[in-house]
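If you want the building blocks of each chain, they are given just below.
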Amino acid sequence: MSPSEPERPAAADELPAVAPHLRELRRRASLTLEAAARAAGLSPAHLSRLETGRRQPSLPMLLTLARVYGTTVSELLGETVAGRDAVLRGADTEPTEAGGWTYRQAGSPGRAMQALRVHVAPGTQGDIVRVHPGEEWLYVLEGRLRLRLADATHTLGPGDSAHFDSLTPHRLAAEGRERAELLFVHTLLQSPAAVPCLGPAAGHRTMGDPR
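Report follows, based on the coordinates. Keep in mind the model is a prediction, meaning the values are calculated, not measured.

Moving on, we come to the sheet that holds strand β7 (residues 161–165). In spatial order, the strands read β1-β2-β3-β9-β4-β7; together these six strands make up an open sheet with antiparallel pairing. On the outer flanks of this sheet lie β1 (96–98) and β7, each paired with one strand and no other. Each strand axis lies, on average, 25° off the axis of its neighbour in the sheet, ignoring direction. Pairing of strand β3 (residues 113–120) with strand β9 (residues 180–187), which is carried by eight bridges, proceeds in the antiparallel orientation. Along β9, the bridge assignment pairs Met113 with Thr187. Against the sheet, helix α4 (residues 59–69) contacts β1, β2 (101–105), β3, β4 (135–142) and β9, and its axis sits at roughly 10° relative to β9.

Rendered as structure tokens:
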């Protein structure tokens, strides 16, 4: 959405619990609106719109905010899983859509890593460059994925995988007109104090930038 475009109210069926949880978790992390926005590479006004439900976050933005608040996307969405079971049944997971991506939890919350099963629709979020602490691992199940790491571009097909340092500027997009499906695992930061470098890098957009 460009600055000149009017804001659209959040649809009733699109992540209805996100806004109050974003505000609650920011306060629990003892962060002001300005400090949290700076850590996530957002403007305070944009974060405020997310917290009041006037804007919906994309999945990359949810991942960024989860790292800033030392939590998981599941908690940002208000999802709860009883205990910390080692086994997660597919029938117990519900798909969530954000920014054109659809994902299911593939691991229990509250761990040092978060595992997701992600559907990447063609043309969504393909121009967003991400830079953040941690590591990422992905494995392509279906379709073709275009992965840009720094100045190198890789096309991955079913059975291909990638494992990289998340401080390397990276960008994910479906290749061609078909969606890609992948397993995605990333490390979570457990302290908001550990994210001073999560802002925009020179010449790049971060995963928290508004589109």
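The description of an aromatic ring pair uses the distance of the two centres, along with the angle that the planes make with each other. Summed over the entire model, instances satisfying the criterion amount to one aromatic pair. Between Trp137 and Tyr139, the ring centres sit 6.2 Å apart and the planes meet at 20°, which makes this aromatic pair stacked. When its relative accessible area of 30% is taken as the criterion, Trp137 is described as partly exposed.

Here His119 is to be found in strand β3. By relative accessible area, His119 is classed as buried at 18%. Put simply, His119 and Glu142 are 23 residues apart on the chain and 9.2 Å apart in space, counted from C-alpha to C-alpha. Other than its neighbours up to four places away in sequence, His119 contacts Gly100, Trp101, Thr102, Arg179, Ala180 and Glu181. For His119, the side chain forms a polar contact with the side chain of Arg179, separated by 3.5 Å.

Turning next to the pattern of salt bridges. Scanning all chains against the criterion turns up three salt bridges. Across the pair Arg26 and Glu51 runs a salt bridge, and its minimum N-O distance is 2.6 Å. In this pair, Arg26 is assigned in helix α1 (residues 18–28) and Glu51 in helix α3 (residues 44–51), connecting sequence segments 25 residues apart. For the pair Arg26 and Glu51, a shared accessibility class is recorded, and that class is buried. The partner of Arg146 in a salt bridge is Glu175, and the shortest N-O contact between them spans 3.0 Å. Taken together, the residues span a long stretch of sequence, with Arg146 in strand β5 (residues 145–149) and Glu175 in the loop between β8 (170–174) and β9 at a distance of 29 residues. Arg146 gets classed as partly exposed once you look at its relative accessible area, which sits at 33%.

Turning our eyes to something else, we now look at the pairing of β8. Residues in a regular strand project their side chains so that they alternate between the two faces of the sheet. Across the five residues that make up β8, a large majority, four, are buried. By the bridge criterion, five bridges tie β5 to β8 in an arrangement that is antiparallel. Bridge assignment links Leu145 to a residue of β8, and that residue is Ala174.

Among all positions of helix α2 (residues 33–40), only Leu33, Ala36, Ala37, Ala39 and Ala40 are buried. Down the axis of α2, the buried side of the element spans an arc of 165°, and every buried residue falls inside it. Those residues of α2 that are buried lie in contact with α1, α3 and α4. Just beyond α2, the residue with positive phi is Gly41, at close to 75°.

Interhelical geometry of α1 versus α4 gives an angle of 25° and a closest axis separation of 10 Å. By the angle between their axes, α1 is roughly parallel relative to α4. α4 is crossed by α1, and the crossing has left-handed handedness. Contact residues: α1 offers Val18, Leu22, Leu25 and Arg26, while α4 offers Leu62, Leu65 and Tyr69. Across the contact of α1 with α4, the residue classes tally to six nonpolar, no polar and one charged.

Calculation criteria
Residues numbered from 1 in each chain as written. Predicted model: local features only at pLDDT ≥ 70, side-chain atom pairs only at ≥ 80, totals over all residues. Heavy atoms only, no water. Pairing = 2+ DSSP bridges. Helix = DSSP H or I, 4+ residues; strand = E, 2+ residues; numbered from the N terminus. Axes fitted to C-alpha atoms, helices over the stretch in contact; angles between N-to-C directions. Contact = heavy atoms within 4.5 Å. Phe/Tyr/Trp six-rings, centres within 6.5 Å; stacked < 30°, edge-to-face > 60°. Buried < 20%, exposed > 50% of the residue type's maximum accessible area, 1.4 Å probe, protein only. Polar contact = N/O pair within 3.5 Å; in protein donor to acceptor, adjacent residues only side chain to side chain. Salt bridge = Lys/Arg side-chain N within 4 Å of Asp/Glu carboxyl O. Arc of directions from axis to C-beta. Parallel < 35°, antiparallel > 145°, perpendicular 65-115°, else oblique. Left-handed = near helix turned anticlockwise from the far one by under 90°. Nonpolar A, V, L, I, M, F, W, Y, C, P; charged D, E, K, R; others polar.

Everything listed is a geometric property; what it means functionally is a separate question.
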